[in-house]
Amino acid sequence: MGVSQVPDNASPDNATGGTAEVTAAGIARLAGVGRAAVSNWRRRHADFPKPVGGTETSPAFALRDIEQWLRDQGKLAEVPLRERVWQQLVGHPAGTAAALRQAGAVLLLVHERPAVWQQLRTAADDTELTGVLPAMLDAVLAARLGPEHPVRGLTREALAPSAALVRAAGDLAAADGAPQAYAFLLGRHLDANPRQYTLTPPGPAALMAELAASAGPLHTVLDPACGAGGLLTAAQERAGQETGDGTDGAGTDGAGDAAPQAEAPDGPVTLHGQEADPDLAALTALRLALSNPGARVRVRAADTLRADGFPDLAADAVLAHPPFNERNWGHDELAYDPRWEYGFPARTESELAWVQHALARLRPGGTAVLLMPPAAASRRSGRRIRADLLRRGALRAVIALPAGAAPPNGVPLHLWVLRKPGDGRPPVPQLLVVDTADLATGTPAGRDRPDWQSVHATAVEAWQTFDREGGVEERPGVRRSLAAIDLLDDDVDLAPARHLPPPAAAGGPAELARVRDRLTATLARTTELTPRPEDGDTPGLAATPRWPLTTVGELARSGALVLRAGGAGTASPGGGATPAEPGGEAGGVPAVLTDHDVIGGGAPSGALPEAPASEPAEEAVLVREGDVVVPVLGGGAVARVVDDATAGAALGRNLTLLRPDPAALDPWFLAGFLRGTANTRQASSYASTATRLDVRRLQLPRLPLAEQRRYGQRFRDLAAFEGALRLASRLGEQLVQGLHDGLTDGSVAPD
């Protein structure tokens, strides 16, 4: 966390110098800079306040001293109100979650009954305020969330130390609006505790809501594992699109694809959620109530499988991102539960218990969309339940998503689309399988940020066509409809990749012929570029010249070049960051030049991480034509001169940028000498698991600019030769693999 407070009754003149402490991350937020800037201030300014607590790796500073120092340095005019409220939350004696529950309830009161709040705010002193507030909050919570709402514990005793927080929350609502104020505070809390909460990202949430809405209007939606409420907010936004009255959700965005609109609901959407964590259930109920004013909200705090909060519900749609691989889900005590209509799940099949719970809470003909681990489609312990889901037409589609779509990010998760039988229509003996994993490759988004526009469009178009017509036209490697009877073997393996025919080998024989022609031309080019060691020899040059040497560090100090470290920079949530220089990708967000791109000679392939919802985007280091980029990990001798095609990309982690002054240094000369084996060896340090290059210790000869350019031209020729070799290697591998695939699938004849 960025900030922490001492108890409210602490003396303002105590040793900490105030009522609050702040870490380096909190200082960065106060001043609107990155954490690296705070570290630099500590090193360069002898008068920077000394730590008063924390640890050696995460020291804490007195907030009052930090504020005064920032003002003296002209770096801070006033602590923002948002930061003041956040500091009060994290320092609350009851804990951040409890304080956020109190602040959220107050914000709901401000939002729902502003006149009542104004009367309280202006007329009551602190004791009177916290004395009458519990009854006011209970009334507004019961009216908005129902009598069984999870926002409990708002008693006179609990609110007694919170008068300052209550007033500050009201002030923040007046400044930003109550929904926006709560979205900021909740977003900051979730960002500060990433290991405690598993969140469904906006892309998958919007896709799941779109798939669920294809069958008709969403009057009633249930998320039985609602977490922070992202799926329910996405469902409300989807329903708002149908009515043309969408609202801004707190952290979940629609994907923006044009899709056929379902019939508009004729009344408010009712959002039902259940969450086992009582604190998170309360925070989520407040989020849904504040960010979805047109919806009825009902949230329960209980274990869904053991204590179903909505046993009589018949929802239009169920959306869920259930916990994966649970062993203690209630297997022993729930053996005879009526929800197991398709079979009693094994202890290792908790996901299939969630699937059957979702079906049990749907109306006949309702749609459920669940985010599932890929193993649930193929584990033998679940094959009987999968078989019965297919036989009865309940499981309608399995859609494979790209890796990185949702936590756990290293696994390509699946979406299961289910339809509850019993609406008078006969079971559909078909299953749709879709694989969107390859749609994220070859895009600037990279693996960490899949290309959701393509993924969303492909999945929605396939599902809507299948749902409307009972089948889809096959696209090798992407989608296919299968007869359920063909899947009912000993394994009942439903993984899409196992049932989709591969695309034609390398595009078919015609494409293979084009690859061969390119390879032939590239090999000829490689022969032309093959260097001769004697070319460029200087007559009379000694076998081992002894030039006067300088280091990169000395050149940086003299102003002959600028050094920049990579890795900084974030994109605003939803990809709205705008680069400071030309060369960015679509939408104004630059691709990231990674260390793998530099080593392999490839185009920028990474993506900037999204900034937390509560933080502004941090500006990235953008490369320019003529910059030299050097990887600092791995121990290899690599240096790359940035060309026009790469200019404008963001500099990735584990890279150092050298920006030479053209009047003093030739970039190709610089890059060429940095690649010398002896040079990188003497500038490297060695650890037990990695080798790190100290770029400042790399050496260069002191040569006149004209002589630098002679060497630079030779290094440029070597780079062209190296690029031709890389291209020939890639084309050769493509041709060989394409011929193997073509010969084995019959698209290429052996003679």
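Predicted model only: the values in this text are computed from it and were never measured. (Residues numbered from 1 in each chain as written. Predicted model: local features only at pLDDT ≥ 70, side-chain atom pairs only at ≥ 80, totals over all residues. Heavy atoms only, no water.)

Draft legend 1. Spatial organisation of the environment of Thr550. Looking at the element boundaries, Thr550 is found in strand β14 (residues 549-551). For Thr550, a relative accessible area of 4% gives the class buried. Sequence separation of Thr550 and Pro701 is 151 residues, and the distance between their C-alpha atoms is 6.2 Å. Thr550 has contacts with Leu555, Leu698, Gln699, Leu700 and Arg702, leaving out every residue within four places of it along the chain. One polar contact links Thr550 to Arg702, side chain to side chain, over a distance of 3.4 Å. (Helix = DSSP H or I, 4+ residues; strand = E, 2+ residues; numbered from the N terminus. Buried < 20%, exposed > 50% of the residue type's maximum accessible area, 1.4 Å probe, protein only. Contact = heavy atoms within 4.5 Å. Polar contact = N/O pair within 3.5 Å; in protein donor to acceptor, adjacent residues only side chain to side chain.)

Draft legend 2. Focus on the packing of aromatic side chains. According to the stated counting rule, one finds ten aromatic pairs in the structure shown. Geometrically, the ring pair formed by Phe48 and Trp69 is edge-to-face, given 4.8 Å between the ring centres and 70 degrees between the ring planes. Here Phe48, found in the loop between α2 (35-44) and β3 (53-54), pairs with Trp69, found in helix α3 (residues 63-72); they are 21 residues apart in sequence, far enough to count as distant. Summarising the burial analysis for this pair, Phe48 and Trp69 share the class buried. Connected via pairs of aromatic rings, a cluster forms that spans Trp547, Phe669, Phe673, Tyr711 and Phe715. (Phe/Tyr/Trp six-rings, centres within 6.5 Å; stacked < 30°, edge-to-face > 60°.)

Draft legend 3. Quick peek at the environment of Ala181. Checked against the element boundaries, Ala181 lands in helix α10 (residues 178-192). Overall, the relative accessible area of 0% leaves Ala181 in the buried class. C-alpha of Ala181 to C-alpha of Leu107: the two residues are 74 residues apart in sequence and 8.0 Å apart in space. Ala181 has contacts with Leu107, Leu172, Ala173 and Asp176, leaving out every residue within four places of it along the chain.

Draft legend 4. Structural detail: the pattern of salt bridges. This structure, assessed with the given rule, holds 33 salt bridges. As a salt-bridge pair, Glu349 and Arg379 come within 3.0 Å of each other at their nearest N and O atoms. Residue Glu349 is located in the loop between β8 (315-320) and α14 (350-360), and its partner Arg379 is located in the loop between β9 (362-372) and α15 (383-391); the two are separated by 30 residues in the primary sequence. On the basis of relative accessible area, Glu349 is assigned to the buried category, the value being 0%. For Arg659, the salt bridge identified is with Asp627, shortest N-O distance 2.8 Å. Of this pair, Arg659 sits in strand β21 (residues 655-660) while Asp627 sits in the loop between β17 (606-607) and β18 (628-631), placing them 32 residues apart in sequence. (Salt bridge = Lys/Arg side-chain N within 4 Å of Asp/Glu carboxyl O.)

Draft legend 5. Representation of the pairing of strand β10 (residues 395-400) within the structure. Counted residue by residue, β10 has six buried out of six residues, so it is predominantly covered. Pairing geometry for β10 and strand β11 (residues 414-419), over five bridges, is antiparallel. Bridge pairing in β11 links Ala400 to His414. Relative to strand β12 (residues 430-435), β10 is paired through four bridges, and the arrangement is parallel. Each bridged residue has a counterpart across the sheet, and for Ala397 the counterpart in β12 is Leu432. (Pairing = 2+ DSSP bridges.)

Draft legend 6. Structural detail: helix α9 (residues 163-176). The end-to-end C-alpha distance of α9, which contains 14 residues, comes to 20 Å, matching closely the 20 Å that a straight helix rising 1.5 Å per residue would cover. All buried positions along α9 are accounted for by Ala163, Leu165, Val166, Arg167, Ala168, Ala169, Gly170, Leu172 and Ala173. On its buried side, α9 packs onto α4 (81-90), α5 (96-112), α6 (114-123), α7 (126-145), α8 (156-159) and α10. (Expected span 1.5 Å × (residues − 1).)

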